[in-house]
Amino acid sequence: TRQDGRIVRFAEMDGWCTFFDPTPGVQKLTADWACCVVLCQDKNGYQYCPDVYISQLDSQDAQLDGVVALCLKWQLPKLGIESNGYQANLVDVLYQKFADLGTGYAPIIVPVRHSGARNNKTVRIRTLQSPLHNHWLQLAQTLPSPCWGQLRDFTSLTSDNVDDFPDSLSGARAMLLTGES
């Protein structure tokens, strides 16, 4: 149900995608989260985030299993993956995990490279402000609590800031807006 009370059915969605922001396997000293967002858009341009995988697991293999489970649940055609540095090596690992399932399903995995500059990340995340404020981007009330906490606490990009959900959400929006869905 949209903010204006209109019920929107999944069948009315024109575009769907998932976007994964992975983390290195060992997280004991950082606050980094692995996050994969499901995002869809209706014919009027409203966007909806019905589901998210978010985790601070130390095992990168377990993180990838969570992403595969999310993709399998929604059966979406494309999975964007942030591919700066080591993340580019995860594309083949993900394809193998889908193949190992034996279901015949695997999304097209789209590597996405962002500029590594901190100010560019801040700009990417701040692009969420208007869509969220104006209710053009709707988030399911059932999203895991770390998602809500990261949105609430994000003010600027600092070493103490946790921004993995907003960054994944902005990556998924970019895929939809550029036709990568």
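Look up a bit, the structure's there.
Given the structure is predicted, the values throughout are model-derived calculations rather than measurements. (Residues numbered from 1 in each chain as written. Predicted model: local features only at pLDDT ≥ 70, side-chain atom pairs only at ≥ 80, totals over all residues. Heavy atoms only, no water.)

Undergrad: Go over the overall build of the protein, please, and point to the residues and values.
TA: Within the protein, the secondary structure is distributed over six helices and six strands. The order of α-helices and β-strands along the protein, N terminus first, is β-β-β-α-β-α-β-α-α-β-α-α. Burial statistics for the protein: of 181 residues in total, 50% are counted as buried. In the protein, 69% of the contacts between residues at least 6 apart in sequence involve partners at least 24 apart. With an accessible surface of roughly 9,100 Å², the protein has 52% of that area assigned to carbon and sulfur atoms. (Helix = DSSP H or I, 4+ residues; strand = E, 2+ residues; numbered from the N terminus. Buried < 20%, exposed > 50% of the residue type's maximum accessible area, 1.4 Å probe, protein only. Contact = heavy atoms within 4.5 Å. Areas by Shrake-Rupley, 256 points an atom, 1.4 Å probe, with all protein chains shown as cover.)

Undergrad: So, the sheet that holds strand β2 (residues 34-42): which residues are in play, and what are the values?
TA: Taken in spatial order, the six strands of this open sheet run β5-β4-β1-β2-β3-β6, and their pairing is mixed. The open sheet terminates on both sides in strands that have one partner only, identified here as β5 (108-112) and β6 (137-139). In this sheet, adjacent strand axes meet at a mean angle of 25° when their direction is disregarded. Note: β2 against strand β3 (residues 47-55), seven bridges, orientation antiparallel. Looking at β3, one finds that Val-37 is bridged to Val-52. Seen against the sheet, helix α5 (residues 145-153) touches β3 and β6 and runs at an angle of roughly 105° to β3. (Pairing = 2+ DSSP bridges. Axes fitted to C-alpha atoms, helices over the stretch in contact; angles between N-to-C directions.)

Undergrad: Report on the nonpolar core, specifying residues and quantitative values.
TA: Judged by nonpolar contacts, the single largest core of 25 residues is most densely connected at Trp-16, Phe-20, Cys-36, Val-67, Leu-79, Ile-81 and Leu-94. Per-element accounting of this core gives the leading share, six residues, to helix α1 (residues 60-74). Contact partners of Leu-94, with chain neighbours within four places excluded, come to Phe-20, Leu-64, Val-68, Leu-79, Ile-81 and Ile-109. Within the second largest apolar cluster, 22 residues are counted, among which are Trp-33, Leu-39, Leu-137 and Met-175. (Core = buried A, V, L, I, M, F, W, Y, C linked by side-chain atoms within 4.5 Å.)

Undergrad: Quick rundown of α5? Include the residues and the values.
TA: Every buried residue of α5 is accounted for by Cys-147, Gly-149 and Gln-150. Taken end-on, α5 shows its buried residues confined to a sector of 165°, consistent with a single buried face. Across from the buried face of α5, at angles greater than 90 degrees, the exposed residues are Ser-145 and Arg-152. Considering only its buried residues, α5 is in contact with β3 and α6 (164-177). (Arc of directions from axis to C-beta.)

Everything listed here is a matter of geometry and, on its own, says nothing about what the molecule does.
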